[in-house]
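Letter by letter, the chains look like this.
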Amino acid sequence: MDFTFTEEQQAAVEAAQAVFAGVAPDGVPSPALTPGAVAEDFDRGLWAKLADADLLSLLLDTEYGGAGLDVVALCLVLRESARVLARVPLLESSAAAVTVQAYGGEELKAELLERAGRGELVLTVAASGRTGHDPAERAVMARRDGDTWVLDGSQTAVPWAYDADLVVVPAHTEADRTVLAFVPRDHAGAVLAEQISTTGERLGQLRLESARIADRHVIDAEGAWDALHELLATGTCALALGLGEAVLGMTSEYTGKREQFGFPVATFQAVAVQAADRYIDLRAMEVTLWQAAWRIGTGAGGALPASGDVAVAKIWASEGVRRVVQTAQHLHGGFGADTDCPLHRYHAWAKQLELSLGPAAAHEEALGDLLAAHPLG
């Protein structure tokens, strides 16, 4: 196997590093210091820089102004974004756009893709269902009425709901199919209620009451929601990996300088063993991430469907990022909880990533179902 990244993927990383170099984690709004939502909008300045660097159109074909790269390239960029806690809907907007490219009609592609790639149009996805634990596609009912679809139901914890131009809403039909409806933020029959995430970001509970969506703004293609959900989960794993690597780096630097009994605490066996365990977690998170990204990006076969690799990656991401930040807090001592230290921000973000699109237990259950359906012989 060759695990080397291509020149194009490496170029995407270098472009991302140049853009994110100007982001200071100390300046990211802190949920511990801000009552309510930490901000009313995402970082629009950073969003513009990502657009200028062509990082919002990585996965789009050249005919839509994109670079035509793959899921691995997107995950590499997401990994860099999480190192600095970049407050942008890069994952959601990119995943929604590439789903339109793969499954959408020509009208929808022409209307959305180039604008999304230039950052002029922001997309997000409702992927948490009613409670965050039930399947998102079962939370909303869709029925045809002439040349429109009528949506009823609700989705909770929609990221960037108050900032995105369109929310992609999975919904099930009477024929037990899943469609994807692109719902404008201020659409008739769509009501948002504010929710606050662990990171302090403003989420939205989206309630749909007989909301009518034109047929051209609905994707009714087999596999579209599964592909979108797998990409979102894999991208979340990339964010968890980048955050975990940044936290372990902070911990290494701190324990190398902090002295006890005249020696850096990093030289103590108990400290070194804990840090080593977390390094192993990160390497496991990394290898399972690239396996999942490669499977869904290439469509390569395997003993299990690609969703199995995604489930394994999300199990490691959820458990691993939690262990990394908990160990970091322990090894930082009281300084880790000090709001003058950026570690408390990373801890809040890690908890959000751990639970996003389901905790480890939910993916373990999904993996068990796949193993039961596809026994390994």
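Enquirer: I tried to follow the packing of aromatic side chains on my own but got confused; where do I start?
Expert: Geometry of an aromatic ring pair is reported as the spacing of the ring centres plus the angle between the planes. Taken as a whole and assessed by the stated rule, the structure comprises three aromatic pairs. Ring centres 5.4 Å apart and planes at 65 degrees place the aromatic pair F42 and W47 in the edge-to-face group. With respect to class, F42 is no different from W47; both count as buried. Arranged with centres 5.9 Å apart and planes meeting at 85 degrees, the rings of F42 and W160 form a pair that is edge-to-face. Of the two residues, F42 is situated in the loop between α1 (7-20) and α2 (44-52) and W160 in the loop between β3 (148-159) and β4 (166-172); the sequence distance between them amounts to 118 residues. In this structure F42 comes out as buried when scored by relative accessible area, which is 4%. Here W160 falls in the buried class, since its relative accessible area comes to 10%.

Enquirer: Would you explain the pattern of salt bridges in this entry?
Expert: For side chains bearing opposite charge, pairing can occur when the charged atoms are close. Following the criterion strictly, the structure yields 25 salt bridges and no others. As a salt-bridge pair, D176 and R138 come within 2.7 Å of each other at their nearest N and O atoms. A residue pair is termed long-range when its members are at least 10 positions apart, and D176 in the loop between β4 and β5 (178-184) and R138 in the loop between β1 (123-125) and β2 (140-145) qualify at 38 residues. Note on D176: relative accessible area 53%, which makes it exposed. The partner of R322 in a salt bridge is E354, and the shortest N-O contact between them spans 3.5 Å. Separated by 32 residues along the polypeptide, R322 in helix α8 (residues 306-332) and E354 in helix α9 (residues 343-355) bring together distant segments of the chain. Given the relative accessible area of 22%, R322 is considered partly exposed. Salt bridges linked by common partners bring R79, E80, R83, E245, R283 and E286 together as one network.

Enquirer: What should I look at first to understand the nonpolar core in this one?
Expert: Within soluble globular proteins, side chains that are nonpolar generally end up buried alongside one another. In terms of nonpolar packing, the biggest core is built from 93 residues, with F20 and L243 touching the most fellow members. Ranked by residues supplied to this core, first place goes to helix α6 (residues 224-257) with 16 residues. The residues contacting L243, other than those within four sequence positions of it, are A82, R83, L85, V321, V325, Y346, W349, A350 and L353. A126, A142, L151 and A171 belong to the second-largest nonpolar core, a separate cluster that totals 20 residues.

Enquirer: Explain the packing of helix α7 (residues 269-298) against α8 to me, please; I cannot follow it from the model alone.
Expert: A pair of packed helices is captured by two measures, namely the crossing angle of their axes and the spacing between those axes. Running from N to C, α7 and α8 cross one another at 155 degrees; their axes reach a closest spacing of 8 Å. What the angle tells us is that α7 and α8 run roughly antiparallel. When the axes of α7 and α8 are compared, the crossing they make is left-handed. The class makeup of the residues in the contact of α7 with α8 is 16 nonpolar, six polar and five charged.

Enquirer: Where do I start with unusual backbone geometry in this structure?
Expert: Across residues other than glycine, the phi torsion is negative in most instances, and most of the peptide bonds are trans. Not every positive phi belongs to a glycine, and S210 is a case in point at roughly 50 degrees. With respect to the helices and strands, S210 occurs in strand β7 (residues 202-214). The partly exposed category is assigned to S210, whose relative accessible area is 45%. Not every positive phi belongs to a glycine, and L357 is a case in point at roughly 60 degrees. With respect to the helices, strands and loops of the structure, L357 is situated in the loop between α9 and α10 (360-373).

Enquirer: Teacher, can you tell me more about α1 here?
Expert: For an α-helix the count is 3.6 residues per turn, leaving residues at separations of three or four pointing the same way. The end-to-end C-alpha distance of α1, which contains 14 residues, comes to 20 Å, matching closely the 20 Å that a straight helix rising 1.5 Å per residue would cover. Taken together, the buried positions of α1 are Q9, A12, V13, A16, V19 and F20. Buried residues in α1, looked at end-on, bunch into an arc of 125 degrees, giving them a common side. Of the exposed residues in α1, those oriented more than 90 degrees away from the buried face are E7, E14 and A18.

What counts and how
Residues numbered from 1 in each chain as written. Predicted model: local features only at pLDDT ≥ 70, side-chain atom pairs only at ≥ 80, totals over all residues. Heavy atoms only, no water. Phe/Tyr/Trp six-rings, centres within 6.5 Å; stacked < 30°, edge-to-face > 60°. Buried < 20%, exposed > 50% of the residue type's maximum accessible area, 1.4 Å probe, protein only. Helix = DSSP H or I, 4+ residues; strand = E, 2+ residues; numbered from the N terminus. Salt bridge = Lys/Arg side-chain N within 4 Å of Asp/Glu carboxyl O. Core = buried A, V, L, I, M, F, W, Y, C linked by side-chain atoms within 4.5 Å. Contact = heavy atoms within 4.5 Å. Axes fitted to C-alpha atoms, helices over the stretch in contact; angles between N-to-C directions. Parallel < 35°, antiparallel > 145°, perpendicular 65-115°, else oblique. Left-handed = near helix turned anticlockwise from the far one by under 90°. Nonpolar A, V, L, I, M, F, W, Y, C, P; charged D, E, K, R; others polar. Expected span 1.5 Å × (residues − 1). Arc of directions from axis to C-beta.

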